[in-house]
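A structural walkthrough
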Amino acid sequence: MDAADHRGSADTLRARADLNRILATDPATASPIRIRRRVLMASAAAALLVGGIVVADVVVPGRPGATAEAAEVLNAAAAATITTSDPVVGPAQYLKIDTTSVYSSAVRSEDGSLLAWLDKTSDHLYVPADHTAEWTWNREARIPTTFFSEAAKAEASKQQQLMADAGRDGSELLRAPGGKFYKSERQLFGMPLDEGIKTLPRDPKALLKIIQAWNKGAGRSPETKALTDIAETLRTGVIPADLRAALYKSAALIPGVSVVDRQATLDGKTGVAIGIDYPDGRSRMDIIIGPATGLLIGEREVMLKADENFPAGTAIKWTSVQTSVVNSAP
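What counts, and at which threshold
- Residues numbered from 1 in each chain as written.
- Predicted model: local features only at pLDDT ≥ 70, side-chain atom pairs only at ≥ 80, totals over all residues.
- Heavy atoms only, no water.
- Helix = DSSP H or I, 4+ residues; strand = E, 2+ residues; numbered from the N terminus.
- Contact = heavy atoms within 4.5 Å.
- Areas by Shrake-Rupley, 256 points an atom, 1.4 Å probe, with all protein chains shown as cover.
- Phe/Tyr/Trp six-rings, centres within 6.5 Å; stacked < 30°, edge-to-face > 60°.
- Buried < 20%, exposed > 50% of the residue type's maximum accessible area, 1.4 Å probe, protein only.
- pLDDT = per-residue confidence, 0-100.
- Expected span 1.5 Å × (residues − 1).
- Salt bridge = Lys/Arg side-chain N within 4 Å of Asp/Glu carboxyl O.
- Polar contact = N/O pair within 3.5 Å; in protein donor to acceptor, adjacent residues only side chain to side chain.

Now for the overall build of the protein chain. For the protein chain, the count of helices and strands is seven helices and 12 strands. Within the protein chain, counting contacts between residues at least 6 apart in sequence, those at least 24 apart form 70% of the total. Here the protein chain displays about 15100 Å² of accessible surface, and carbon together with sulfur accounts for 52% of that area.

Here we take up the packing of aromatic side chains. Between two aromatic rings, the relevant description is the distance of the centres plus the angle of the planes. Applying the stated criterion across every chain, the model contains four aromatic pairs. Relative to Phe 310, the ring of Phe 148 has its centre 5.8 Å away and its plane inclined at 90 degrees; by these criteria the two rings are edge-to-face. Pair noted here: Phe 148 is in the loop between strand S4 (143–146) and helix H3 (150–165) and Phe 310 is in the loop between strand S11 (296–303) and strand S12 (315–326), with a separation of 162 residues, a long-range link. Given the relative accessible area of 31%, Phe 148 is considered partly exposed.

Here we take up the confidence of the model for the protein chain. This prediction gives the protein chain a mean pLDDT of 82; 80% of its residues lie at or above 70. Ranking the elements of the protein chain by mean pLDDT puts helix H1 (residues 3–24) last with 49 and strand S3 (residues 134–139) first with 98. Predicted confidence for residues 1–8 stays below pLDDT 50, and this span has two contacts to residues more than four positions away or in other chains. Every residue in residues 25–62 is under pLDDT 50, and counting partners more than four places away or in other chains gives 139 contacts.

It is worth spelling out helix H6 (residues 222–234) at this point. Counted at 1.5 Å a residue, the expected span for H6 with its 13 residues is 18 Å, and the 18 Å between its end C-alpha atoms agrees. With 11 of 13 residues buried, H6 is to be regarded as a mostly interior element. At its buried positions, H6 is contacted by strand S6 (187–188), helix H7 (241–251), strand S9 (269–277), strand S10 (283–289) and S11.

If you walk through the whole model with that rule in mind, you get 11 salt bridges. Among the ionic pairs, Arg 202 bridges to Asp 242, the shortest N-O distance being 3.1 Å. In this pair, Arg 202 is assigned in the loop between helix H4 (193–199) and helix H5 (204–213) and Asp 242 in helix H7, connecting sequence segments 40 residues apart. Across the pair Arg 300 and Asp 286 runs a salt bridge, and its minimum N-O distance is 2.8 Å. Taken together, the residues span a long stretch of sequence, with Arg 300 in strand S11 and Asp 286 in strand S10 at a distance of 14 residues. By sharing partners, the salt bridges in this structure join Arg 284, Asp 286 and Arg 300 into a single network.

Below, the discussion takes up unusual backbone geometry. Positive phi outside glycine occurs at Lys 183, with the angle close to 60 degrees. Here Lys 183 shows up in the loop between strand S5 (172–177) and S6. Located in the positive-phi region is Asp 267, a residue other than glycine, with phi close to 55 degrees. Secondary-structure assignment places Asp 267 in the loop between strand S8 (258–266) and S9. Assessed through its relative accessible area of 36%, Asp 267 is described here as partly exposed.

With respect to the helices, strands and loops of the structure, Thr 233 is situated in helix H6. A polar side-chain atom of Thr 233 sits 2.7 Å from the main-chain carbonyl oxygen of Asp 229.

Distance from Asp 267 to Val 321, taken between C-alpha atoms, is 9.2 Å for residues 54 residues apart in sequence. A distance of 2.7 Å separates the side chain of Asp 267 from the side chain of Ser 320, its partner in a polar contact.

Below is the structure:
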């Protein structure tokens, strides 16, 4: 091993040690922060870069960014990420991106009440080494899994039977050159995917200037939309380490972002949850970061207040993602 290899190994160990130290900090001895522990209800989810990823105005002059503790976690995650090797996809291989998702579904009943429940689904995306070649997307059926009333369970069963009678369950096996599923070009902040990966700035402030310029005013608030879109970008599985690190650092500049759970579990994996409340105070958007590598475990939206269908603490939407290299696609 030469001197450069030694330095790389040392940087990797240092970055991971820093992140593990932060994640292991005892909240009782840390500076005061809001820590909420929420119950996750159901399992997981995935979203892909089909069409454009939307971001919003996130930096307001004169306003601070994330809390000091959240910024420390995000910057340590960026350092750990940059020292983590991206998967190497050979000429005849594919990057396989497995995502598991939970979403809420709802139907308005005849008496005007809203009946809602949680569905689970999984997706498997096969990305060739040559991004202009054919991509394969295996979308599994969306299955009702979690109910909080017998009426909602009955309605979910009814809707599932209607789909079965119509000969469709939502599953699809799609193929498209360049990943242009549904004839939609894959984009990254308004640019073609590969162009965006190559040309987006790695400086977090410069990156946020692009985020500011893209689709201002979208979402429930500029800050929550920014964190959501950073999470959606990270979970695609195709973002290289240096750009992932820049996105983490950009998230550290978003006002209102804080550490909400140091032992957040999503789809069987545990990490630290960085979150931001939606303006109406009814729910919170979280991203969950893995302690060993700084990689994104997933994202979730958690109910902070109960409504007519979901108790407080329910994750009404969540996504987890895992990548691997495989030799063939379906």
